[in-house]
Amino acid sequence: MIKTVKSVDLKGKRIIMRVDFNVPMKDGVVQDDTRIVAAIPTITYILERGVKTLTLMSHLGDPSKDAAKAREKAEKDGKSFDEAVYIKGKHRMAPVAEYLAKKLGKPVVFAGEDGCYGKKAFIDGQPAGTVVMLENTRFHKEETAKDGAERDKLAKELASYGDIFVNDAFGTAHRDHASTASIAKFVPVSVAGFLMEKEVNYLEPIVTNPQKPLVAIIGGAKVSSKIAVLESLLKTSGALVIGGGMAYTFLKAQGHKIGKSLVEDDQIDTAKKILDTAAALKVRIVLPVDQVGADKFDAAAVPVPVDGQDLPDTLMGLDVGPKTIAGYKEVLSGAKTIVWNGPVGVFEFDAFARGTEAVARLVAETTAKGTITVVGGGDSVAAVNKFNLAGKMSHVSTGGGASLELLEGKKLPGIEVCRG
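Residues numbered from 1 in each chain as written. Predicted model: local features only at pLDDT ≥ 70, side-chain atom pairs only at ≥ 80, totals over all residues. Heavy atoms only, no water.

**Student:** For the sheet that holds strand β5 (residues 108–110), give the residues involved together with the corresponding values.
**Tutor:** One key point about sheets: their strands pair by backbone hydrogen bonds, in either a parallel or an antiparallel sense. Spatial ordering of the open sheet is given by β5-β6-β4-β1-β7-β8, a layout of six strands whose pairing is parallel. The open sheet has two edge strands with one neighbour each: β5 and β8 (189–192). Each strand axis lies, on average, 25° off the axis of its neighbour in the sheet, ignoring direction. In this structure, strand β1 (residues 14–18) lies alongside strand β4 (residues 53–57), joined through five bridges in parallel fashion. Directly across from M17, in β4, lies its bridge partner L56. (Pairing = 2+ DSSP bridges. Helix = DSSP H or I, 4+ residues; strand = E, 2+ residues; numbered from the N terminus. Axes fitted to C-alpha atoms, helices over the stretch in contact; angles between N-to-C directions.)

Shown next as structure tokens:
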């Protein structure tokens, strides 16, 4: 169990809270406020409890790495590059503070562009109930330092701003950073916010004790990035639906012709091992039985239906066909729990989005009938948002890497510090 904000007395306390406000920015303007909105219930609850101050901290991209990439691209394109202007438009927290203030209907005081150090007097001097926003934590190399003593320098400073640490940044819970985990060593009390609590309550049982039958839908491009989650879910699933580009590594492992499809030849043996383990555990593996191919990876490519598991040499598989979708419906209809991580086709191209859209609609339909449905992983989330079905799922995770690692059965540093 994790301790939450509801388990502690907040009145009169200084709260230091890690949020995940790593939102897309363009010219200093928030482009997508999903992560900001997700943190508001915890922020509102804390403020309603009569706290002295609530100090928020987050990263916003990685300024030095992102600026280096942007400079390289500008030079390649023969364009001028102003790093200060770039960082101001993409990585400064001041515009996020302004945006949050509008959402909350109350001021959010920005602590300044000079970083996260030396802000204790500034914070302690604010009127009761003030919300303070610190600058991007990743302007400090200590935030992500591999050396624990280096991380502790920033962690101690951040800890001095609060009596209670609240972690509501599930998206960075898998990172052992100064503001996500190390800080807990220097604050008397560490608890989770409501977003963190919800993520853990939905994702952990899938690995430990799901309502069965559990059906896992695992897609995406590469087997190599999903080996651990496949192995983990084999232990609790009744069926594994494998789609997307990674399905072709499994099909090739079974001896099928995959044409020009994406394949990881160095993962063929891994795929065979997973298929053998599934057979031994009596876990059903669902692979595409028909496909939609194309002669090139392009949004304008002409879709070619292929009735069967073998593809001609001239085609690559970019989506699943109607028989496969019918198979999905059959296997999902009997599930008590469904977890979905990764698309089953190139849904970004409209001509090859039908399979992923069908999965999204099938999962939504089972939710309406009482099945617990959890969507985890960036591309899956993008898919349900594209088809306007996010609200029809039991839970849509806010963390890509974090949700994947939790499904792999790993212990996440940002969650462990909130354990009772």
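After that view of the structure, there is still more to cover.
**Student:** Explain the environment of L230 to me, and be specific about the residues and the numbers.
**Tutor:** Structurally, the position occupied by L230 is in helix α8 (residues 227–234). Residue classification places L230 among the buried positions, given a relative accessible area of 0%. (Buried < 20%, exposed > 50% of the residue type's maximum accessible area, 1.4 Å probe, protein only.)

**Student:** How would you sum up the pairing of strand β15 (residues 337–341)? Please name residues and give values.
**Tutor:** Taking burial as the measure, the five residues of β15 include five buried ones, the bulk of the element. Side chains T337, V339 and N341 of β15 all project onto a buried face; the interleaved residues I338 and W340 project onto the opposite face, where all are buried too. Bridge analysis of strand β9 (residues 214–218) against β15 gives five bridges, and the strand direction is parallel. The partner of L214 across the bridge, within β15, is T337.

**Student:** So what's going on with empty space enclosed by the protein? Which residues, and what values?
**Tutor:** According to the stated counting rule, one finds one cavity of 30 Å³ or more in the structure shown. Estimated volume of the largest cavity: approximately 50 Å³. In terms of lining, the largest cavity is formed by D20, F21, R35, A38, A39, D168, A169, F170, G171, L195 and T398. The element that contributes the greatest number of residues to the lining of the largest cavity is helix α1 (residues 34–47), accounting for three residues. A class-by-class count of the residues in the lining of the largest cavity yields six nonpolar, two polar and three charged. (1 Å grid on protein atoms, 1.4 Å probe; cavity = no way out; pocket = protein on both sides within 12 Å on 5 of 7 lines; lining within 4 Å. Points joined across faces, edges and corners; volume = space filled by probe spheres on them. Nonpolar A, V, L, I, M, F, W, Y, C, P; charged D, E, K, R; others polar.)

**Student:** So, helix α6 (residues 148–159): which residues are in play, and what are the values?
**Tutor:** In a regular helix each residue adds 1.5 Å, so 12 residues correspond to 16 Å; α6 covers 15 Å between its end C-alpha atoms and thus fits that length. Those residues of α6 not exposed but buried are E150, R151, D152, L154, A155, L158 and A159. Among the structural elements, β1 and β4 are those in contact with the buried residues of α6. (Expected span 1.5 Å × (residues − 1). Contact = heavy atoms within 4.5 Å.)

**Student:** Please provide a residue-by-residue account of the layout of surface pockets, values included.
**Tutor:** Empty space within the largest pocket amounts to approximately 800 Å³. Around the largest pocket sit 34 residues that line it, and T34, R35, S397, T398 and G399 are the ones nearest its centre. Looking at the lining of the largest pocket, the elements with two or more residues in it are α1, α7 (194–208), α13 (378–386), β17 (395–396) and α14 (400–407). The element best represented in the lining of the largest pocket is α1, accounting for five residues. Classifying every residue of the lining of the largest pocket gives 12 nonpolar, 16 polar and six charged. Of the pockets and cavities examined, the second largest pocket occupies roughly 330 Å³. Lining the second largest pocket are 21 residues; nearest its centre among them are A221, G244, G245, F297 and V346. Broken down by element, the lining of the second largest pocket gets its largest block of residues, five residues, from strand β14 (residues 316–320). Taken together, the residues of the lining of the second largest pocket sort by class into 11 nonpolar, six polar and four charged.

**Student:** Mind laying out the packing of aromatic side chains, listing which residues take part and the relevant values?
**Tutor:** Between two aromatic rings, the relevant description is the distance of the centres plus the angle of the planes. Counted by the stated rule, this structure contains two aromatic pairs. Plain terms: the ring middles of Y45 and F194 are 5.1 Å apart, the flat faces sit at 75° to each other, and that makes the pair edge-to-face. Of the two residues, Y45 sits in helix α1 while F194 sits in helix α7, which places them 149 residues apart along the sequence. Classification of Y45 by relative accessible area gives buried; the value is 14%. Seen from their ring centres, F297 and F349 are 5.0 Å apart, and the 55° between their planes marks the pair as tilted. Here F297 is found in the loop between β12 (291–294) and β13 (304–306), whereas its partner F349 is found in the loop between β15 and α12 (354–368), with 52 residues between them in sequence. Given a relative accessible area of 15%, F349 falls into the buried group. The cationic tip of R49 hangs over the ring face of Y45; the distance from NZ or CZ to the ring centre is 3.8 Å. (Phe/Tyr/Trp six-rings, centres within 6.5 Å; stacked < 30°, edge-to-face > 60°. Lys NZ or Arg CZ within 6 Å of the ring centre and 35° of its normal.)

**Student:** Explain α12 residue by residue, including any values.
**Tutor:** Owing to its 3.6 residues per turn, the α-helix brings residues three or four apart onto one side. For α12, built from 15 residues, the straight-helix expectation of 21 Å at 1.5 Å per residue is met to within 8% by its first-to-last C-alpha distance of 21 Å. Those residues of α12 that fall on the buried side of the exposure criterion are G355, T356, A358, V359, A360, L362, V363, A364, T366 and T367. Two residues or fewer past α12, G370 is found with a positive phi of approximately 105°.

**Student:** Give a description of the sheet that holds strand β11 (residues 284–286) that names residues and reports values.
**Tutor:** Read across the open sheet, the six strands follow the order β11-β10-β9-β15-β16-β17; overall the sheet is parallel. The sheet is open, and its two borders are formed by β11 and β17, each paired with just one other strand. Inspection of the sheet shows β9 paired to strand β10 (residues 239–242) by four bridges, in the parallel sense. Of the residues in β10, the one forming a bridge with I217 is V241. Sitting on the sheet, α7 touches β9, β15, β16 (372–375) and β17, and the angle it makes with β16 is about 105°. Across the sheet, α12 lies against β9, β15 and β16, angled at about 155° from β15, the strand it touches most.

**Student:** Please give an account of the packing of helix α11 (residues 322–333) against α12 that cites residues and values.
**Tutor:** Remark: α11 packs on α12, axes separated minimally by 10 Å, with the N-to-C direction vectors making an angle of 20°. Classified by the angle between their axes, α11 and α12 sit roughly parallel to one another. In this structure, α11 crosses over α12, and the sense of that crossing is right-handed. When α11 is examined against α12, the residues I325, Y328, K329 and L332 are found in contact with a partner set consisting of R354, G355, A358, V359, L362, V363 and T366. (Parallel < 35°, antiparallel > 145°, perpendicular 65-115°, else oblique. Left-handed = near helix turned anticlockwise from the far one by under 90°.)

That's the geometry; what it means functionally is another story.
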